[in-house]
Amino acid sequence: MAFDLERTEKEFLSSLREIRTRDELENLRIKYFGRKRGILTKIASSLPLLSLKEKKILGPIFNHLKGELRQSLKERESDLSSASPKSTKEIQQKPLTSSLLFDPTAPGKEVFTGHQNPVISVIEEIKEIFHYLGFTYIDGPEVDLDLYNFQKLRIGKDHPARDTQQTYYLNDEVVLRTHTSSMQVRYMETHKPPIRVLFPGRTFRRDPVDATHLPSFYQIEGLLVDNDSSMTDLIGTLDFVIKRFFGSKTKTRVYGHYFPYTEPSIEVEVLHKNGKWMEILGAGMVHPEVLKNGRIDPRKYRGWAFGMGPERMAMLKYGINDIRLFYNGDLRFINQF
Amino acid sequence: MLAPLSWLNEYVKLSISADSIANNFLFSGNKVDSLHKRDGDYIFDLEITPNRPDTLSIVGLARELSAVLNEDLSTPDITIISSKSLPKNKAIKINVKNKSLCPYYSFGIIDGVKVAQSPSWIVDRLEKSGVRSVNNIVDITNYVMIETGQPMHAFDFEKIKGDLILRASKRGERIKTLDGLERIIPEGSIIIEDDDKIIDLAGLMGGENTEVTHNTKTILVHVPVYNSVSIRRTSLSTGLRTEASNRFEKKLDPNMHPFAFDRAHKLVSEIAGGMIIGEKKSVGFPVKESSLELSLDMITSVLGVEIEIEKIVNILTSLGFRIYPQPLDKNKLKVVIPSWRPDVAIEEDIYEEIGRIYNYNNFPKTLPKGSPPIQPELFLVDWGKICRNIFLSFGFSEILTPTLLSPDLLIKANLNAKEAIKLSNPMLEDYSLLRPSLIPGQLNVIESNLRNFDVIKTFELGKIFTTFIDKLPDQPTVFAFLITGDFQEGKGYLEELLKTFNIKPKFSLSKTYPFFEQERSIIIEMGKTKLGQFGEIAQSVLNNFGIKKHIVAGELFLENLATAGNPDIIYRPIPKFPPVIEDISMFIDKNVFAEKIIDTIKKGREDIVSSVFIFDVYYRGGNKKSVAVRIYYQAENKTLTNRDVSKTRESIITDLKKILQAEIRRV
């Protein structure tokens, strides 16, 4: 066969898409519909030479196509006239497709974006919420001296509280920090009050691995020191942060607890959708001895501190039940965030 | 700590539901982990914090409930009905060698006991408290321990030879404990010995040689308060933890031992029929209670809520504190601390007592007062976040990998596992080394994801650990990225990242690098500072990980980048004059690098040649390759004339021929 209707249609439509002026449009019309040399005119004149059988099939298809193309040409013409005649650059670039091929239900072209680990998203969100309250942030050593991780926080070598913080050691003096509270005294030693700062970072516990325990995980420590801080400020701040993070109707409860480095100490729980209370953070007023260890005069200043677990917060927020998912790198998981 | 409701109810009236009691426990700081129903009774499983051994007892927990619920507290009965003690025909001395090992204790000999099974109410309470019944004597010692928090031990008096010595153990001493195990006693542990043998691994478990059995007629009941640190050390080094050691390793009430002895004596006399010979002996009793001065203003200031003085006094007295007004200062109170609360030492400890019993949930919620302080960290550029955001926009996903790795993983990445920093007490081989690079962990992740994805782009921001500097390992923050792709694609991302730091570091070819293919990686440097490395992962490493795709990876040192980097963008005016764009193609020695060609074209012509790109490289064997470059001629101050361009073009061609021996194909 001397002609290919499908190709002719494609070529016509792609040329039509490039058209920016009326002159170009007129040239295209002549190219296809011109009385003597128009492509479609030529095809029409060759149709009678086909066999009867071919004529029966191709005749109606050709006529249909011719109608379609003429219609497209008209649509394009009206597009051009509706655009400002002064500036050809502002012509609407509405993509043109034959109405036969238009399928609004077909999926769009797939776009690939990067996804952030939800633990990091949580940390970033918490940083932002606290930023509103005037807190800045900084991280420090993950492998730290026993001195900063324990002793300066009133946890001596023989303190029973060490039981609750199973510790990895490099040697007698150096530990993998068991909490970001190790940053408290480090920061106080080099900064004068007033202090409002977060210490987000990785921490380590020598726990058997299961759905809720990993050898390394993140914590966000917060520290405020000024001359006027109180438990009501601490409880109010935590309540605001939790409600901003989990939703304004989130239910929380606070109860007394024990940490050697805060006095009084509290823990805070959030009511989960499943009806269970989930502990998400520990907090308290900085113990006067800890302030002293940080070279801050406890007679002039007081402060409060807290520590929260971003994994646990992400688990609560997104309904994740296995902490290992955050760290096994499965993109089928990460791509959901 | 397991506490049956029925037992608590004996000392404090509980007319509310078990769930309500659990809530009241919680709000006072005694967290109930779980609540079980058993035989019509309820058992509370409480998490006891290490500062409160007084609540490792039924009486202590009842006291907490009495304070929260405002109910009266009663104490265990110690009155003995037939109070006639036996004549003093038997006696023993306990010689404590070092007073600090056992500063306070009571003991006495009880004769005429009939060892038998305990009555069912004792068995029942012990079982609900998680303790197995043995015989009536042993059960009573355990019962009183759970009730009062004071552990004690009963020896078969007839099996003791002579008097007793309590001392620190020497190296290599042994004892066969009640569980039938022959134990080597850690040096420095507290032990009790008689004239010819060690009879007690004090605070942890008694010796089999003086065990109370069905033939026992006379018992020695010893109620000590040991040095908590010694007990803890022995417990840690033997791995033996008992109900007794869990209490002894904390600061116990120094004044409880005579009472606990009397309570045990009463129960023995009633249940096993024994009676004391002579009188009990108490040493170091009583310890004087300490006191502190409490300022009412400070309570309000620190807690942030004003609580009426009557309420404060009520809370403290119900917990056993005694309050006295200070005649000269209305703002102050004298508080005498009960002996069972050695954890209370400073005023802040008292604020906690008031706060927790008052209930923190009744506190108003306020925000920090005053304006936010200006702190130095506010002025730091968060380069880590900038790196993350750029790579997220490139379509990379953030993958966090473990800090602790196995030697195997490092070996798979051609790294020397022996050079990595090792934990002194790893739990598993899999988590025994600190990562010296983020790449091995990331390769693991890529391998597992290739089952589900064709194209993988990952990054991670985290610390790595190299050599020790002074006492701590150097722990730089590293930004690592990996893609399934080729060198050029990866380098595009790398260069775009470096642009945001506003730096143009030097790239130099690295001959070898553990996990990169030989001569297929570069080192990125700024002056003498190494910023990172980038290259193709070696085929051997890909094989080790079972990865059947090409991977390129980069690792950049964030702190070094931050030092070199400059966050300030300086706007450059958009060129006013149009560029002239021309292509030159040439044959050139196959080993001449692109950078050399571009430099040759640009050098000395920066005012006219605004940019140069290599857009085609074609090589099909031989010594030469074909290279096509596109040159943008553009001046900031004028439109270039044909003459300007042709003059420059000629000089470029001359340099290409002379310096690089290029053979110009087409201009």
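The rules behind these values
Residues numbered from 1 in each chain as written. Chains lettered and ligands numbered in written order. Predicted model: local features only at pLDDT ≥ 70, side-chain atom pairs only at ≥ 80, totals over all residues. Heavy atoms only, no water. Pairing = 2+ DSSP bridges. Helix = DSSP H or I, 4+ residues; strand = E, 2+ residues; numbered from the N terminus. Axes fitted to C-alpha atoms, helices over the stretch in contact; angles between N-to-C directions. Contact = heavy atoms within 4.5 Å. UniProt positions renumbered as here; feature names shortened; annotations may be inferred. Buried < 20%, exposed > 50% of the residue type's maximum accessible area, 1.4 Å probe, protein only. Salt bridge = Lys/Arg side-chain N within 4 Å of Asp/Glu carboxyl O. Parallel < 35°, antiparallel > 145°, perpendicular 65-115°, else oblique. Left-handed = near helix turned anticlockwise from the far one by under 90°. Nonpolar A, V, L, I, M, F, W, Y, C, P; charged D, E, K, R; others polar. Domains from an automatic or database assignment. Buried area = accessible area lost by both parts, 1.4 Å probe. Polar contact = N/O pair within 3.5 Å; in protein donor to acceptor, adjacent residues only side chain to side chain.

A. The arrangement of the sheet that holds strand β31 (residues 624-633) of chain B in detail. Residues and elements named next belong to chain B. Pairing is antiparallel across the open sheet formed by 4 strands, whose spatial order is β30-β31-β29-β32. In this open sheet, the two strands that pair with only one neighbour each are β30 (609-618) and β32 (663-666). For this sheet, the mean inter-axis angle between neighbouring strands, taken without regard to orientation, is 30°. Here helix α18 (residues 594-602) sits on the sheet and contacts β29 (580-589), β30 and β31; the angle it forms with β30, its principal contact strand, is near 145°. In the packing of helix α19 (residues 642-660) onto the sheet, the strands contacted are β29, β30, β31 and β32, and the crossing angle to β29 comes to about 15°.

B. Expanded view of the UniProt feature "binding site: Mg(2+)" (unreviewed entry) in chain A. Mapped onto this numbering, the UniProt entry gives "binding site: Mg(2+)" (unreviewed entry) at A:E263. Looking at the element boundaries, A:E263 is found in strand β7 (residues 262-271). Assessed through its relative accessible area of 6%, A:E263 is described here as buried. With near-sequence residues (within four places) excluded, A:E263 lies in contact with A:M285, A:H287, B:E348, B:D349 and B:E352.

C. Region of the structure containing the pattern of salt bridges. All names here are of chain B. Evaluated as defined, the whole model comprises 61 salt bridges over all chains. Of the charged contacts, one joins R263 and E147 as a salt bridge, the two residues approaching to 2.6 Å between their closest N and O atoms. Remark: E147 occurs in helix α5 (residues 136-148) and R263 occurs in helix α8 (residues 257-271); sequence separation between them is 116 residues. For E495, the salt bridge goes to K491, with nearest N and O atoms at 3.5 Å. One end of the pair is E495 and the other is K491, both in helix α15 (residues 487-500) and 4 residues apart, which spans about a single turn. Members of the salt-bridge network, linked through shared partners, are R52, D54, E64, R341, D343, E353 and R356.

D. The packing of helix α1 (residues 5-18) of chain A against helix α2 (residues 22-33) of chain A, seen in detail. Residues and elements named next belong to chain A. Remark: α1 packs on α2, axes separated minimally by 10 Å, with the N-to-C direction vectors making an angle of 165°. Judged by the inter-axis angle, α1 sits roughly antiparallel to α2. Our pair here, α1 against α2, has a crossing hand that is right-handed. Across the interface between the two elements, T8, E11, F12, S15, L16 and E18 from α1 touch E24, L25, L28, Y32 and F33 from α2. Here the residues of the contact of α1 with α2 sort into 6 nonpolar, 2 polar and 3 charged.

E. Focus on the pairing of strand β21 (residues 457-463) of chain B. All names here are of chain B. With 7 of 7 residues buried, β21 is to be regarded as a mostly interior element. Taking every second residue as pointing to the same face, both faces of β21 are buried, with K457, F459, L461 and K463 on one and T458, E460 and G462 on the other. Relative to β21, strand β18 (residues 397-398) runs parallel, the two sharing 2 bridges. From the neighbouring strand, E398 faces β21, where its bridge partner is F459. For β21 and strand β24 (residues 477-484), the ladder comprises 7 bridges, and the chain directions are antiparallel. Residue pairing for β24: K457 is matched across the bridge by I483.

F. Representation of the domain arrangement of chain A in the model. For chain A, the assigned domains are domain 1 (5-90) and domain 2 (118-334). Measuring from the centre of the C-alpha atoms in domain 1 of chain A to the corresponding centre in domain 2 of chain A gives 71 Å.

G. Spotlight on the UniProt feature "domain: FDX-ACB" (unreviewed entry) in chain B. The sites that UniProt annotates as "domain: FDX-ACB" (unreviewed entry) are residues 575-665 of chain B. Spanning residues 575-665 of chain B, this segment combines 31% helix with 36% strand, and its end C-alpha atoms are found 31 Å apart.

H. Geometry of the UniProt feature "binding site: Mg(2+)" (unreviewed entry) in chain B. As recorded in UniProt, the sites labelled "binding site: Mg(2+)" (unreviewed entry) are B:D343, B:D349, B:E352 and B:E353. Tracing the backbone through its elements, the reader meets B:D349 in helix α11 (residues 347-358). If near-sequence neighbours (up to four positions away) are discounted, B:D349 is found in contact with A:E263, B:D343 and B:V344. Tracing the backbone through its elements, the reader meets B:E353 in helix α11. B:E353 sits in the buried class, given a relative accessible area of 2%. Filtering out sequence-adjacent residues up to four positions away, B:E353 remains in contact with B:I315, B:L316, B:L319, B:F321 and B:R341.

I. Examining the sheet that holds β7(A) more closely. Pairing within the open sheet is mixed, and its 7 strands lie in the order β1-β4-β5-β9-β8-β7-β6 (chain A). With partners counted over all chains shown, the strands left at the sheet margins are β1 (136-137) and β6 (252-259) of chain A, one partner each. Sheet topology places strand β4 (residues 195-204) of chain A next to strand β5 (residues 216-226) of chain A; 10 bridges connect them, and they run antiparallel. Note that in β5(A) the partner of A:R196 across the bridge is A:L224. Sheet strands touched by helix α10 (residues 310-318) of chain A: β5, β7, β8 (277-286) and β9 (302-308) of chain A. Its angle to β5(A), the strand with the most contacts, is close to 105°. Running at roughly 30° to β7(A), α11(B) makes contact with β6 and β7 of chain A of the sheet.

J. Seen up close, the interface of chain A and chain B. Listed by partner, the interface residues are 94 residues for chain A and 83 residues for chain B. At the boundary of chain A with chain B, total buried surface from both sides reaches about 7,100 Å², with 58% on carbon and sulfur atoms. Sorting the residues of chain A by area buried against chain B places A:D158, A:T232 and A:L331 first, and these three jointly supply 9% of that buried surface. Our enumeration of links across chain A and chain B arrives at 10 salt bridges. Across the salt bridge formed by B:K31 and A:E269, the nearest N and O atoms sit 3.2 Å from each other. Summed over the shared surface of chain A and chain B, the result is 38 residue pairs in polar contact (both at pLDDT 80 or more). With 8 residues, the single largest contributor to the side of chain A that touches chain B is helix α8 (residues 231-246) of chain A. Across the side of chain A that touches chain B, the residue classes tally to 41 nonpolar, 27 polar and 26 charged.

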